[in-house]
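What the coordinates show
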Amino acid sequence: LSLKRSTRIADNLERVMINKAGARYQRMFRKHNREIQDQLKDELEKNDIYLCGHTHSAEFNIKKQFINSGVIKHGLGQYVLLESKKAPVLKQERYH
């Protein structure tokens, strides 16, 4: 199985899961967020917040100093809104 073909299969599977379950499908990717948090726990200073994406699992956890922006794909848009002098906000929208 070529990389291109396996990527296409995974992408189609993700599309079906997003369309059927919405953001709930992301629960299976939480382990990746936990792995990142475990790696960071001794590296972050008191007022630091680690902001990332890529795991496709949106999470906003200030206690663990961790924000993951989630995914923008297949009609599900998740992102972090950063405004001056305001706390970050994790947003989620459906689009067509």
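An account of the accompanying structure is given in this report. (Residues numbered from 1 in each chain as written. Predicted model: local features only at pLDDT ≥ 70, side-chain atom pairs only at ≥ 80, totals over all residues. Heavy atoms only, no water.)

Details of the pattern of salt bridges
What the rule picks out here adds up to 5 salt bridges. Residue R15 is joined to D11 by a salt bridge in which the shortest nitrogen-to-oxygen separation is 3.7 Å. Separated by 4 residues within a single helix, R15 and D11 lie in helix α1 (residues 3-21), roughly one turn from each other. Among the salt bridges present, the one from E14 reaches K73, with a minimum N-O distance of 3.3 Å. In this pair, E14 is assigned in helix α1 and K73 in strand β4 (residues 72-73), connecting sequence segments 59 residues apart. Classification of E14 by relative accessible area gives buried; the value is 10%. Classification of K73 by relative accessible area gives partly exposed; the value is 27%. It is possible to trace a salt-bridge network through shared partners that takes in D11, E14, R15 and K73. (Salt bridge = Lys/Arg side-chain N within 4 Å of Asp/Glu carboxyl O. Helix = DSSP H or I, 4+ residues; strand = E, 2+ residues; numbered from the N terminus. Buried < 20%, exposed > 50% of the residue type's maximum accessible area, 1.4 Å probe, protein only.)

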